[in-house]
Amino acid sequence: SYQNNEAAFQAQKTLDEKERMSFTRMNPSEAKHAGRRITLRKDWEAVKVGIMHDIVEAKFRQNPSLAAKLIGTGNVYLEEGKAMLLLRKSTAGNT
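So, here's what we can say about the structure.

Turning our attention to the side chain of Gln12. Tracing the chain through its elements places Gln12 in the loop between α1 (5–11) and α2 (17–21). Owing to a relative accessible area of 16%, Gln12 belongs among the buried residues under this scheme. Within the structure, the side chain of Gln12 is placed 3.2 Å from the side chain of Arg20, a separation counted as a polar contact. Excluding residues that lie within four positions of it along the chain, Gln12 makes contacts with Tyr2, Arg20, Arg41, Trp44 and Ile51.

Rendered as structure tokens:
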């Protein structure tokens, strides 16, 4: 079990069980950094999008209140990143 999506995703880059287990206690920043140094599985480019889909789906299935917030955004364009969040907040109502 991983503490966050980033750790879960980065861990799937390898098929080495010991390397995967090292991600279970990492925060997102640590996981992203460590993901650059692991033994990359040969099929990574072919499987990474499906893996991310599964991880994100699991996140929202396990957190109904978070899923409700996402659904509540409707058709608004969402983009990951603190700068984008601040931009969206500062321009709210200025359409």
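When you line up the elements, Ala31 lands in helix α3 (residues 28–34). Sequence separation between Ala31 and Ala8 is 23 residues; the distance between their C-alpha atoms is 8.5 Å. For Ala31, the contacting residues outside a window of four places in its chain are Glu6, Ala7, Gln10, Phe23 and Met26.

Analysis parameters
Residues numbered from 1 in each chain as written. Predicted model: local features only at pLDDT ≥ 70, side-chain atom pairs only at ≥ 80, totals over all residues. Heavy atoms only, no water. Helix = DSSP H or I, 4+ residues; strand = E, 2+ residues; numbered from the N terminus. Buried < 20%, exposed > 50% of the residue type's maximum accessible area, 1.4 Å probe, protein only. Polar contact = N/O pair within 3.5 Å; in protein donor to acceptor, adjacent residues only side chain to side chain. Contact = heavy atoms within 4.5 Å.

The values are spatial; any link to function lies outside them.
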